[in-house]
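Remarks on the overall topology
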Amino acid sequence: MEEDWRRDLEQWLEPYLQALANKTRRRMCPTYIAGLIGPGDRKSIQPMAARIDTLSYDRLHHFVGAGIWDSAPLEATLSRQADALVGGDKAWLIIDDTALPKKGKASVGVAPQYATVLGKNANCQTLVSVTLASGEVPVMLGLRLFLPESWTSDTVRMAKAAVPEAFRAYRTKPDIAIEEIDRIIAAGVRFGCVLADAGYGVSAPFRQALSARGLCWAVGIPRHQKVYPADVQLIFPVAGRGRPRVRHVPDVKSLAAHTMLEEAKWRQISWRRGTKGRLSARFAVMRVRIADGTPQRIGAAGAQHMPGEEAWLVGEHRSSGERKYYLSNLPADTPAKDVAGAIKARWVCEQAHQQLKEELGLDHFEGRSWTGLHRHALMTMIAYAFLQTRRLAQTGRKKKSLRSAPSAEPTGCTPSYP
């Protein structure tokens, strides 16, 4: 069985190897990826090299950490394969981030910062992730390191970690995400909607950048995000004294998202079938105008954001009692069930993060450089795409054999991958 997957891996990697013209690199790439997929609890370079009799630690380390080769052609190949596997108008492009806990302070980007996986501040590296998913099948397309200001303000530290000049200026996570989305669009990847949690959805420039690119999106927001009713009107206020008003103002005040939904109708909506039955929660859905337009002074209220894009405002009341809030620019005629389904589709990227760490050692890299970390991350994404390809192929074979067997009884469930 092991020889089967190794042989399949060599064939599957051929498009990647064509981009690695050097003979040694063409050998190192399959070896490194096989080391990530193969047995062993630790997937850092030293233990992987120790499990390979024919390869030294130095050569494997040089390939990932110091060798001069361009990762862009490999990223482009990954994008093409992911698109062929799960791309299309019904696919999701999911933006998130994942934390790699680290000790010390020498590894590139490591700093005390909020770690989503831990739910608290911790010493870690944070990678902005981009996942293409269809149904329950995710393929990771991008992992880019976020550099906190404690790093970007320290040129000596960045030079020591070999951070390229082009990446030394401070960039927010939403900035990095938009750059990645542009890269993926340029690669020809097909998807129908961009999804993100409130860490990205709170950013008006992020939402506006997605809309400016003609993309549909559904994002989490904090409960205090201001919105206007969809039928808000812009009027000229009557000036009690002084000069006549020359700028329009809204005829109603903006409200926090949770306040806007207080009088809304909440109803039970099911968005998909899980392993224990239908998944459902109570939702309230209404059309609003987002208060993220140009700031303007509005009477005694002071500076307020004018009405911006029309969107869906969604509230979710979970069985635990927790309430979450979302915005989406999906069309006004989109059924509430589809809006809820888009919002809840983001969970699959968390599954991908977990598998990249637990199965493929994403968080095992022990090098300190920018290049080494990103190449290791790229190798784990390629390995993950290979495993997803095999899992889908096996699922297809199982379904075909069930259909062709005349005595086969319905099982009542379908295998879920990954």
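Since the model is a prediction, treat every value here as computed from it, not as a measurement.

**Details of the packing of aromatic side chains**
For the structure shown, the criterion picks out eight aromatic pairs. Seen in terms of ring centroids, tyrosine 32 and phenylalanine 63 are 6.4 Å apart; in terms of plane orientation they differ by 55°. Their pairing is tilted. Here the residue tyrosine 32 occupies a position in helix α3 (residues 23-37), and phenylalanine 63 occupies one in helix α5 (residues 57-66), the gap between them amounting to 31 residues. Assessed through its relative accessible area of 0%, tyrosine 32 is described here as buried. Taking relative accessible area as the criterion, phenylalanine 63 reaches 3% and is therefore assigned buried. Between the aromatic rings of tyrosine 200 and phenylalanine 206, the centroid separation amounts to 5.9 Å while the plane-to-plane angle is 55°, which identifies the pairing as tilted. In terms of burial, tyrosine 200 and phenylalanine 206 fall into one category: buried. One residue, lysine 173, lies across the ring of phenylalanine 146, its end atom 5.3 Å from the ring centre.

**Quick word on the nonpolar core**
If you look at the biggest cluster of nonpolar residues, it comprises 96 residues, and the most contacted ones within it are Tyr32 and Met379. Judged by nonpolar contacts, the second largest core, of 22 residues, contains Ala218, Trp271, Ala281 and Val314.

**With respect to unusual backbone geometry**
At alanine 162, a position not held by glycine, the phi torsion is positive, near 60°. Tracing the backbone shows alanine 162 in the loop between α8 (155-160) and α9 (173-186). A relative accessible area of 40% means that alanine 162 is categorised as partly exposed.

**Things to note about empty space enclosed by the protein**
Applying the stated criterion across every chain yields a total of one cavity of 30 Å³ or more. Reported here for the largest cavity is a volume of approximately 30 Å³. What lines the largest cavity is simply Leu145, Leu147, Thr152, Phe167, Ala169, Tyr170, Arg171 and Ile176.

**What about the pattern of salt bridges?**
For the coordinates displayed, the defined rule picks out 22 salt bridges. Between aspartate 292 and arginine 207 there is a salt bridge, and its shortest N-O distance comes to 3.0 Å. Residue aspartate 292 is found in the loop between β12 (277-290) and β13 (295-297), and its partner arginine 207 is found in helix α11 (residues 204-212); the two are separated by 85 residues along the sequence. Look at aspartate 292 and you get buried, because its relative accessible area is 12%. Residues glutamate 350 and arginine 346 are paired through a salt bridge, measuring 3.7 Å at the closest nitrogen-oxygen approach. With a relative accessible area of 44%, glutamate 350 lands in the partly exposed category.

About the thresholds
- Residues numbered from 1 in each chain as written.
- Predicted model: local features only at pLDDT ≥ 70, side-chain atom pairs only at ≥ 80, totals over all residues.
- Heavy atoms only, no water.
- Phe/Tyr/Trp six-rings, centres within 6.5 Å; stacked < 30°, edge-to-face > 60°.
- Helix = DSSP H or I, 4+ residues; strand = E, 2+ residues; numbered from the N terminus.
- Buried < 20%, exposed > 50% of the residue type's maximum accessible area, 1.4 Å probe, protein only.
- Lys NZ or Arg CZ within 6 Å of the ring centre and 35° of its normal.
- Core = buried A, V, L, I, M, F, W, Y, C linked by side-chain atoms within 4.5 Å.
- 1 Å grid on protein atoms, 1.4 Å probe; cavity = no way out; pocket = protein on both sides within 12 Å on 5 of 7 lines; lining within 4 Å.
- Points joined across faces, edges and corners; volume = space filled by probe spheres on them.
- Salt bridge = Lys/Arg side-chain N within 4 Å of Asp/Glu carboxyl O.

Bear in mind that shape data such as this cannot, by itself, settle questions of function.
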